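# Structure assessment
One-letter residues, chain by chain:
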Amino acid sequence: MTAAGNPIRQRLGGLLDRRLFLVRRSEPLPARLGHRRIFVLPTATGVAFGLTLLTMLLASMNYVLSLGYALTFLLVGVGLVSLHQTFRNLIHLELLSAQLEPAHCGQPAMLRLRFRNPSDHPRIGLRLRRAGGGEARFTLDPCGDTSVVVAVPTSRRGWLESGRLVLETRYPLGLVRGWSILTPEARCVVYPAAEDPPRAFATTIAAGQSEHAGKLGEDDFAGLREYHPGDALRRVAWKLSARWDDQLYTKQFDGGNSEQLEFDWFRLPPELDTEARLSRLASWVLQADAAGLGYALRLPDQVIDVGVGPGHRQRCLRALALYGLADERG
Amino acid sequence: MSAAEVGTPLRPWHGHWLAACIAVTLLPYIEHLPAWLSVSCAMLLIWRVIADRGLTPLPGRAMLLVVAAAIVAGTTIQYHYLFGKDPGLSLLAGFACLKLLEARSLRDGRAAVLLGFFLQMGQFLNGQEISVAAFTLCGTLLAVGALLAMEWEAPWQTVIASASRLLFMAAPFMLALFVLFPRIPGPLWGLPADAFSGLTGLSETMSPGSISRLIQSGKIAFRAEFDGEIPPPRDRYWRGPVLSVFDGRRWETAGFTTLSSSPPYEVTGKAYRYRLTIEPHNQHWLLAMDFPAADDPRTRYSSDLRLVSVAPLRNRQRYDLAAYPAARVGQREFTHVIRRNLHLPAGSNPRTTALGRQVAERYTEPRRRIDALLETFRDLRLEYTLTPRALGLHSADEFLFDTRQGFCEHFSSAFAIAARAADVPARVVTGYQGGEINPHDGSLVVRQSDAHAWVEVWLPESGWQRVDPTATSNPTRIDNGILGALPDIESLPLFMQPRMAWLRSLQLRWDAVANGWNQWVLGYNDERQRSLLRGFGFDGGDYRHLAAAMVALVGTLMLGFVAWSLRRRRRGDALDRHWHRFCARLSRAGTRRADWQGPLDFAELAAGRHPSLADDIRWIGGRYAELRYGRSPPSRQDLADLEDRIKHLDIR
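Residues numbered from 1 in each chain as written. Chains lettered and ligands numbered in written order. Predicted model: local features only at pLDDT ≥ 70, side-chain atom pairs only at ≥ 80, totals over all residues.

## Some thoughts on the sheet that holds strand β9 (residues 158–161) of chain A
All names here are of chain A. Ordered in space as β4-β12-β9, the three strands form an open sheet in which the pairing is mixed. Two strands close off the open sheet at either side, each with one partner strand: β4 (103–104) and β9. Inspection of the sheet shows β4 paired to strand β12 (residues 187–191) by two bridges, in the parallel sense. Across the sheet, residue A103 finds its bridge partner in β12, namely V190. (Pairing = 2+ DSSP bridges. Helix = DSSP H or I, 4+ residues; strand = E, 2+ residues; numbered from the N terminus.)

## Comments concerning the pairing of strand β19 (residues 303–307) of chain A
Residues and elements named next belong to chain A. Two elements, strand β18 (residues 295–298) and β19, share three bridges in a ladder whose sense is antiparallel. From the neighbouring strand, Y295 faces β19, where its bridge partner is G307. Linking two consecutive strands that pair antiparallel, namely β18 and β19, is a turn of four residues.

## A few points about the sheet that holds strand β7 (residues 292–294) of chain B
Working definition: the strands of a sheet are paired by backbone hydrogen bonds and lie parallel or antiparallel to each other. All names here are of chain B. Here six strands make up an open sheet; going across it, the order is β7-β10-β6-β2-β15-β14 and the pairing antiparallel. Unpaired on one side and paired on the other, β7 and β14 (436–437) mark the two borders of the sheet. Of the strand pairs in this sheet, strand β2 (residues 220–226) and strand β6 (residues 272–278) are connected by five bridges, and their pairing is antiparallel. Among the inter-strand pairings, F226 is bridged to a residue of β6, identified as Y274.

## Focus on the interface of chain B and chain A
Contacts between the two partners involve 48 residues from chain B, matched on the other side by 43 residues from chain A. Classifying every residue of the side of chain B that touches chain A by side-chain character gives 35 nonpolar, eight polar and five charged. (Contact = placed C-beta atoms within 7 Å. Nonpolar A, V, L, I, M, F, W, Y, C, P; charged D, E, K, R; others polar.)

## Comments concerning unusual backbone geometry
Following Y171 of chain A, the chain continues to P172 of chain A via a peptide bond in cis, the omega torsion being 5 degrees. By secondary structure assignment, the location of P172 of chain A is in the loop between β10 (165–169) and β11 (176–182). Between D290 of chain B and the following residue, F291 of chain B, the backbone shows a cis peptide bond with an omega angle of -15 degrees. By the element assignment, F291 of chain B lies in the loop between β6 and β7. For H92 of chain A, which is not glycine, the phi dihedral falls at a positive 70 degrees. Position of H92 of chain A relative to the elements: it lies in the loop between α3 (66–90) and β3 (94–100). According to the C-beta neighbour criterion, H92 of chain A is buried, with 20 such atoms within 10 Å. (Buried ≥ 20, exposed ≤ 12 C-beta atoms within 10 Å, placed from the backbone.)

In structure tokens form, the structure reads like this:
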């Protein structure tokens with residue numbers, strides 16, 4: 001965003017952001033774009049258009065061309081009307097919600113925004129940009145709403161804010177750029193990047209060490225039980241559930257012979273630093289989850305018992321992501 | 001951001017828009033561009049369309065350079081120079097097509113549209129008629145459409161509709177700026193020499209055939225609006241260049257005349273006052289009716305009795321003039337002028353010269369000599385025709401004694417030669433005679449086809465006297481105009497033929513419209529601007545007032561537009577409006593409805609806060625919920641009751 005190396009520019013930029021662009025750290029939703037938040041300036045084409053008009057005006061004066069004046073002034077009007085239309089294309093637009101989906105560090109996090117057009121004219125050629133991230137183009141019908149997804153780049157694990165988004169438009173003629181800066185209140189956890197290439201698991205534990213869930217593997221079908229949130233979706237007995245009633249059932253397997261995993265921070269090779277350890281653990285969590293194995297996670301500050309399924313995976317990854325960052329929770 | 005824009009490729013759809021925009025813009029150019037260039041432009045445009053259809057690739061840079069060089073070379077060969085109006089417009093047209101073929105990105109496309117705007121402007125140098133304006137408007141609409149299409153992918157009808165709306169909304173700005181932008185008279189800097197080429201009109205020389213060529217043009221030379229009586233045709237001689245130098249074949253002006261700011265004659269007799277609106281001809285003469293008097297700082301009187309403009313007429317001008325047809329002019333004339341008007345080159349037109357000498361021997365009095373010459377002309381039974389046979393070296397001789405066919409330039413030239421041979425100073429005057437009264441607006445329209453040439457002779461006691469030898473052979477020319485005078489109507493231009501009367505009537509009607517256009521649109525200049533503003537009570541004249549008024553008006557318009565879009569349309573129906581009013585009144589009294597509160601909950605809350613009104617409030621809340629969420633839509637009476645109850649709620 002602002003040049004990090006230049007403190008004056010940084011402060012000036014901050015001042016501009018607060019006073020002129022009315023940027024807040026994060027704004028509650030839903031938000032409506034008021035006129036003080038919309039900015040319009042000519043684009044490069046707009047400047048060229050202006051110079052063209054100036055030349056045409058001089059030519060009209062020189063050759064005393066009445067129709068030349070008329071054409072020039074008509075185009076001046078077109079420029080002014082397009083300025084107004086650009087403004088009108090953004091005004092009163094509503095941002096209903098923002099949702100940021102977790103991602104691994106280095107991969108973009110997807111920010112899903114819901115916009116609504118409260119007026120009875122369409123909003124055309126809208127672009128939503130995230131600095132360093134993606135750009136999404138969309139259009140809103142009269143009184144319509146739509147979801148827009150932009151990528152937010154991630155550079156470190158931990159909490160990620162949606163950051164500063166620019167909603168801009170050059171509709172109708174590309175002569176004027178209108179924009180507004182959005183900082184929707186949305187955040188997610190960025191998981192540590194999975195180690196690449198992945199290493200094989202280094203730690204196993206005996207079957208008996210874990211109390212209840214430890215025995216459950218996937219070798220032999222053992223029976224059905226009611227579905228609990230967090231069970232792996234591929235273990236849901238879809239056909240049976242559909243046949244019987246509204247209840248979902250989860251298949252249980254007798255995993256007596258399978259290995260039970262515990263990923264232990266302290267058993268990692270000592271030469272690894274904190275981030276490398278977190279990366280490796282994250283990679284193992286993903287591998288174990290993909291294989292449908294149960295696993296436990298032991299970190300210096302917490303222990304997560306053996307479990308399976310997406311809920312468990314998320315709990316583990318979140319613990320890895322926030323390891324040592326607890327103070328920064330905003 | 002701009003880096004991303006530069007790279008955005010132009011899609012076939014955009015290419016079609018651009019091609020359409022440039023094609024329509026270039027259409028009015030066809031009659032002014034050299035044929036080879038028109039064809040080349042058309043081919044380049046077609047290439048773009050074909051390439052956008054995926055049938056051929058777009059040309060490479062080398063190919064484009066070759067074509068560009070060819071266009072520059074061709075233009076140089078065509079015009080022999082490059083810096084001027086015609087070659088400039090040719091190059092602009094060619095390069096716009098090339099730019100279109102070169103356009104690969106959206107930015108290129110936009111640049112092509114801007115070039116298109118220049119081209120639309122350029123065509124006004126060739127003409128500013130209503131038709132040109134209409135064409136330009138189409139071109140502008142397509143150009144705006146092309147810009148729009150580059151931002152918004154929509155069916156072309158939708159794009160055209162949106163572009164039209166944009167132009168429509170821009171019209172008030174145009175009007176405000178057009179009327180109020182301070183107009184500056186005259187050019188700001190030097191104009192290319194050919195800037196006003198292509199303007200038709202009289203010239204400073206006359207040779208056989210020069211006026212009959214002019215006759216073919218239906219173009220308007222000037223208009224005159226008389227205050228009151230319109231003079232009879234025989235007085236309607238509009239004076240142009242006076243030709244007093246004869247070299248045996250060609251008549252020329254004397255080279256220089258002295259100018260004065262007061263008329264060199266006494267203005268006496270009947271006066272006709274009129275407003276002359278003259279079309280530009282890039283010359284100084286004003287074609288005022290004989291004999292003019294003007295009170296205008298832009299004009300001077302020349303010693304050959306013309307009214308001339310100080311600056312060449314490069315745009316349409318208006319003059320308030322008076323004409324004194326009965327004034328006596330030139331009673332005291334310089335001897336060198338008289339000598340010049342007696343001079344004949346030795347050996348030219350021997351038979352005509354002999355005729356003059358014969359007359360001079362028979363009569364001593366100049367007036368009698370002139371009468372005798374007119375008599376002779378009448379006896380020669382000369383035929384007045386637009387298509388005389390070609391004449392050789394001694395044009396007057398051959399006209400008078402061999403072919404006996406001629407047009408006004410033959411008559412006047414031959415008569416002036418004969419008069420000079422008879423020792424009577426004589427000169428040829430070119431100008432216009434007659435004109436047509438437009439029944440639709442009462443103005444007198446004088447066209448190029450009314451061009452005429454007559455003779456002036458100088459008689460010692462009465463000065464310069466007009467003699468029209470054409471009238472001797474064909475008196476109807478003067479009274480009925482050229483239409484009644486010519487026997488061979490087939491050779492007349494189509495618009496003048498009598499069987500095309502309806503066409504002529506249509507044309508007169510159109511002329512009246514065009515006159516309004518000329519007066520109010522094209523002729524809107526600093527002077528007219530001042531008088532218009534004076535009419536509105538402004539003390540016009542100061543450009544600062546104009547600029548202030550312009551800025552204020554445009555600013556107001558812009559604010560109006562912004563306010564219009566800021567206005568949040570109140571959503572909902574009449575029922576909601578009543579309910580919002582109710583909530584707003586309670587809110588002012590300190591009871592706010594939270595977003596999550598339904599009408600019944602809110603009414604209960606409000607009833608608790610305002611016990612004296614509890615019944616009313618509960619009724620309103622319940623009634624609103626019933627009407628809003630009930631089965632049938634509320635009737636008019638229901639709404640009126642609710643509104644009434646809300647209105648009479650006495651909340652403090």
